[in-house]
Every structure is written in C-alpha cells, then in structure tokens.
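Structure at a glance
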Amino acid sequence: ATSLASGAFVNAIKTQRTLNHLMAVNSTASLVFEQIAREIRTGYNFNVSRSIPDCGSDPSPERKRGAQLKFTRSRDNVDATYDWDNLNKTITLKDNPGLPESLTASNIAVNRFCFELYQPNNASPWLITMFLTVGPSDPRIAQNVLNLETAVTARILPSEAP
C-alpha cells in the first residue's frame, strides 16, 4: 500500500510541475500577444517579410505571410521589428537603432511565430493576424504546446499615415 501511495504522490508532483510550466507558457504568450497587439493598433506602414515554410505561402496577392513584422510606432515614430528567432526559439523586438531584445523567457520555446498582413487598399485598415505555437523548453514536457491565433486591426488607415 505504501508503494502504491508513493507512486501516486510522485505522479501528482509530475502533473503539478507540467501544469506550472504550461501556465507559465500561457502567461508569457498572452503578454507577448498583448504587447504586439497594442503596438499594431497604434502603428502604421506595416510590412511582413522573411518567408519560411512554417508560415505557409502567401494565400493571395493582398495577403503576405512571414516571420517578421516591420512597422512604425506612432508614439515615437520609431521603426520597430518583431521577429521569430527560430534558432533560439524566441520572439525578438528590435527598435531602430537598438539591439534585438528577447520577449520570451528561457523556459519558453517558441516553435512557430508568423504574421499575415492583409491590406487590400489605402481606404482599408491594415489587418495583421499572428500565429503562435509555444511550449515549455524542458524537453521532458516539450510535446505540450499551445497553438494560438489572433487578429489585430490598426487604427491608422494607410491613407492617413504620415
């Protein structure tokens, strides 16, 4: 009976650790999405580049996909770039002329991060969809991933951009 109880206790601890890792992954993903979405809403002059197989191909002429989003932030008129570093499994932000800054913690592995830019004409707002696959960097539980997607519309129309 003691060995049965200790086995159940060990399994409960492993499950708790896995849940703690997944909660950290979810929290980090939410914070990164919110930061990027906030800047997209108030940014302008968007461009998506760096096509990679994980992002898929451009679905139509007015839609562009890639692992890098460049735009101008309206609060300081600085060029900013969000990029997926698929070698280090992180998301980075580069402010002009700053160095890339990692937005994700070392216990998080970003397995896919892509943007899709849709802008059919100058009278329509930019629409950016973000795709994210993220999980723990711990190889013992790395198979537990979250697939997230969100779309954000810029408030500044292309025809109103400085």
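Summarised in this report is the structure supplied together with it. Along every chain, residues carry numbers that run from 1 in the direction the sequence is written. Predicted model: local features are reported for residues with pLDDT of at least 70 only, side-chain atom pairs are reported and counted for 80 or more only, and whole-chain, interface and lining totals are derived from all residues. Side-chain metrics in this entry use all non-hydrogen atoms of the structure; hydrogen atoms and water are not considered.

**Notes on the nonpolar core**
Note that soluble globular proteins tend to have their nonpolar side chains buried in a common cluster. By nonpolar core we mean a set of buried residues, namely Ala, Val, Leu, Ile, Met, Phe, Trp, Tyr and Cys, connected to one another through side-chain atoms within 4.5 Å. Each residue gets one of three labels from its accessible area relative to the maximum for its type: buried under 20%, exposed over 50%, partly exposed in between, using a 1.4 Å probe on protein chains only. One finds Phe46, Phe113, Phe115, Ile128 and Met130 to be the most contacted residues of the largest nonpolar core, which totals 37 residues. Of all elements in the fold, only helix 1 (2-42), strand 1 (43-49), strand 3 (68-73), strand 4 (78-85), strand 5 (90-95), strand 7 (108-118) and strand 8 (127-136) reach the threshold of two or more residues within this core. The helix and strand labels rest on DSSP assignments: H or I over at least four residues marks a helix, E over at least two residues marks a strand, and numbering proceeds from the N terminus. If one sorts the elements of this core by residue count, helix 1 sits on top with seven residues. Setting aside its immediate chain neighbours within four residues, Phe115 contacts Ile36, Val48, Lys64, Arg65, Gly66, Ala67, Gln68, Leu69, Tyr82, Ile128, Thr129 and Met130. It only takes one pair of heavy atoms within 4.5 Å for two residues to be counted as in contact.

**Quick notes on the pairing of strand 7**
When you tally the buried positions in strand 7, you get eight out of eleven residues, the bulk of the element. Inspection of the sheet shows strand 7 paired to strand 8 by ten bridges, in the antiparallel sense. From the neighbouring strand, Arg112 faces strand 8, where its bridge partner is Thr133. Between any two strands, pairing holds if DSSP finds at least two bridges.

**Description of the side chain of Thr90**
Here Thr90 lies in strand 5. Judged by relative accessible area, Thr90 falls into the buried class, the value being 13%. With residues up to four places along the chain from it excluded, the contact list for Thr90 reads Asp83, Trp84, Asp85, Ser102, Thr104 and Val110.

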